[in-house]
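Here are the chains, one letter per residue:
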Amino acid sequence: MAAVTAAMVKELRSATDAPMMDCKKVLVEADGDMAKATELLKERGIAKAAKKADRVAAEGLAGLVIADDFSKATVVEINSETDFVAQNEGFQNLVKATAKEIFNNQPADVEALMASDFGADFTAQVIKIGEKIEIRRFNTLTADATTALNGYIHSNNRIAVIVTAKCDSEKTAEGIRTVMKQVAMHASAMKPTTLSYKDFDPEYVASETVGRIEAIKKENEELARLKKPLKNVPQYISMSQLTDEVLAQAEADIKETLKAQNKPEKIWDKIIPGSLARFISDNTTLDKEQALLDQNYVLDEKLTVAQAVEKAAKALGGTAEITEFVRLEVGEGIEKKVDDFAAEVAAQMS
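Bear in mind the structure is a predicted one, so any value in this text is a computation, not a measurement. (Residues numbered from 1 in each chain as written. Predicted model: local features only at pLDDT ≥ 70, side-chain atom pairs only at ≥ 80, totals over all residues. Heavy atoms only, no water.)

**Student:** A description of a nonpolar patch on the surface should follow, citing residues and the corresponding values.
**Tutor:** On the surface, Met190, Val298 and Leu299 cluster together into a nonpolar patch covering about 260 Å² of accessible area. The residue valine 298 is located in the loop between strand 6 (296-297) and strand 7 (300-304) in this model. Exposure remark for valine 298: the relative accessible area of 37% places this residue in the partly exposed category. (Patch = residues over 30% accessible without salt bridge, like charges linked within 9 Å, V, L, I, M, F, W, Y side chains within 5 Å. Areas by Shrake-Rupley, 256 points an atom, 1.4 Å probe, with all protein chains shown as cover. Salt bridge = Lys/Arg side-chain N within 4 Å of Asp/Glu carboxyl O. Helix = DSSP H or I, 4+ residues; strand = E, 2+ residues; numbered from the N terminus. Buried < 20%, exposed > 50% of the residue type's maximum accessible area, 1.4 Å probe, protein only.)

**Student:** I'd like to hear about the sheet that holds strand 5 (residues 159-167), residue by residue, with values.
**Tutor:** Overall, antiparallel pairing links the three strands, which are arranged 4-5-8 in an open sheet. Each edge of the sheet is formed by a strand with only one pairing partner; in this case those strands are strand 4 (147-153) and strand 8 (320-329). Averaged over neighbouring strand pairs, the angle between their axes works out to 15° when direction is ignored. Note that strand 5 and strand 8 share nine bridges and pair antiparallel. Within strand 8, the position partnered with cysteine 167 by the bridge is alanine 320. Across the face of the sheet, helix 9 (residues 177-190) comes into contact with strand 4, strand 5 and strand 8 while running at roughly 45° to strand 4. (Pairing = 2+ DSSP bridges. Axes fitted to C-alpha atoms, helices over the stretch in contact; angles between N-to-C directions. Contact = heavy atoms within 4.5 Å.)

**Student:** So what about the pattern of salt bridges? Which residues, and what values?
**Tutor:** All chains considered together, the criterion is met by 14 salt bridges. Between glutamate 134 and lysine 132 there is a salt bridge, with the nearest N and O atoms lying 3.5 Å from each other. The exposure class of glutamate 134 is partly exposed, given its relative accessible area of 35%. Glutamate 251 is the partner of lysine 255 in a salt bridge, and the nearest nitrogen-oxygen pair spans 3.8 Å.

**Student:** Residues and numbers for the pairing of strand 1 (residues 59-66), please.
**Tutor:** Counting buried positions over the eight residues of strand 1 gives six, a clear majority of the element. Across eight bridges, strand 1 lies against strand 2 (residues 72-80) in antiparallel orientation. The partner of isoleucine 66 across the bridge, within strand 2, is alanine 73.

**Student:** Requested: an account of unusual backbone geometry, with residues and values cited.
**Tutor:** The phi dihedral of aspartate 31 falls on the positive side, at around 55°, and the residue is not glycine. Locating aspartate 31 in the fold gives a position in the loop between helix 2 (20-29) and helix 3 (34-51). Overall, aspartate 31 belongs to the partly exposed group, its relative accessible area being 40%. Its identity is not glycine, yet glutamine 106 carries a phi of approximately 50°, on the positive side. Judged by its relative accessible area of 38%, glutamine 106 falls in the partly exposed class.

**Student:** Any details on the layout of surface pockets? Residues and values, ideally.
**Tutor:** Reported here for the second largest pocket is a volume of approximately 500 Å³. Together, 22 residues line the second largest pocket, and Leu293, Asp294, Thr304, Ala306 and Gln307 are the ones closest to its centre. For the lining of the second largest pocket, the elements supplying multiple residues, two or more each, are helix 12 (268-282), helix 13 (285-290), strand 7, helix 14 (305-315) and strand 8. The greatest single-element share of the lining of the second largest pocket, amounting to four residues, is contributed by strand 7. Counted by class, the lining of the second largest pocket contains nine nonpolar, six polar and seven charged residues. (1 Å grid on protein atoms, 1.4 Å probe; cavity = no way out; pocket = protein on both sides within 12 Å on 5 of 7 lines; lining within 4 Å. Points joined across faces, edges and corners; volume = space filled by probe spheres on them. Nonpolar A, V, L, I, M, F, W, Y, C, P; charged D, E, K, R; others polar.)

**Student:** Describe in detail the side chain of aspartate 287, supporting the description with residues and values.
**Tutor:** In this structure, aspartate 287 sits in helix 13. The side chain of aspartate 287 is buried and forms no salt bridge, while arginine 212, the nearest opposite charge, is found at 8.7 Å. When sequence neighbours within four positions are dropped, the list of residues in contact with aspartate 287 reads Tyr197, Phe200, Ile237, Ser238, Met239, Asp294 and Gln295. (Lys, Arg positive; Asp, Glu negative; His and termini not counted.)

**Student:** Got a sec to walk through helix 11 (residues 244-260)? Specific residues and values, please.
**Tutor:** Under the 1.5 Å per step criterion, the end-to-end length of helix 11 is 24 Å for 17 residues, consistent within 8% with the ideal 24 Å. Of all the positions in helix 11, only Val246, Leu247, Ala250, Ile254 and Leu258 are classed as buried. For helix 11, the angular spread of the buried residues around the axis is 120°, confining them to a single face. In helix 11, the exposed residues that point more than 90 degrees away from the buried face are Asp244, Glu245, Glu256, Lys259 and Ala260. Backbone geometry just downstream of helix 11 places asparagine 262 in the positive-phi region, at approximately 60°. (Expected span 1.5 Å × (residues − 1). Arc of directions from axis to C-beta.)

Without other data, these values stay purely geometric and don't point to any function.
Here is the structure:
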């Protein structure tokens with residue numbers, strides 16, 4: 001049996017960052033074979049991680065890489081169990097390296113990424129960090145000469161966004177790039193879930209309509225009790241519901257109201273457009289909450305995001321329309337596990 005020296009233990013510890021006693025133990029088992037000892041540590045590191053499979057990795061960081069020529073951008077979300085580990089420099093470097101790997105080599109999915117040589121390196125780094133860490137999702141958007149692309153990562157590194165817009169020319173695409181970053185910042189704050197109201201599933205809109213109307217009615221009950229002004233109860237919540245027939249009826253209702261108020265018919269044309277716009281605004285709350293193009297733009301709330309981009313492109317003498325966006329927020333949609341400490345202690349004692 002080969003002698004295991006302190007120098008060998010130090011070398012293995014330096015290469016793997018594993019605890020010293022574990023390094024000594026596997027070196028003895030491997031009869032001094034450094035490669036075999038390293039594999040044993042990896043195997044045990046993976047086994048250790050497997051024991052943590054029931055732990056929820058809902059913390060972590062997002063990563064963003066944008067090409068120097070703005071032709072491509074990649075976002076990635078990597079989860080950890082604790083925020084403490086997310087602040088670890090080794091974890092932060094792992095997120096950056098993973099984002100670059102995806103950006104450069106474009107794996108099809110997380111499984112393909114982990115099956116590559118990089119996957120082995122990723123696992124080795126996870127062993128060093130000593131906590132359950134998972135690559136949850138990633139996405140890459142590309143742009144041709146007439147497509148403006150830009151992105152934004154929030155200062156906490158937990159939200160990353162990429163936005164693209166199709167333009168009429170290379171000049172417009174280049175000139176509107178700054179606006180694309182501003183739109184990405186808007187998306188970071190306003191949390192859109194889809195590009196346009198046209199993307200909503202009709203069943204989803206129908207179910208949301210019932211729930212939102214009932215919520216406003218209940219809120220009005222409390223407002224009435226407090227003798228405060230009541231909120232308008234909408235009939236609809238999305239532009240997808242506002243058919244030509246619905247809008248025609250809304251206009252007819254507005255005219256009936258003006259008539260009942262004895263407003264001179266000669267001024268109706270000045271009143272109706274504003275009243276109809278308010279009707280649309282009151283009845284498209286879902287769009288303004290969840291559809292990027294239909295949200296009120298944070299830098300100019302008089303405009304929707306779509307209108308703001310159109311205005312910026314027009315100022316450059318061209319046209320532009322947002323065609324795609326990706327927004328990743330760490331832990332979004334993950335149900336965090338709430339540990340019952342008393343139950344855990346009782347289970348261990350039973």
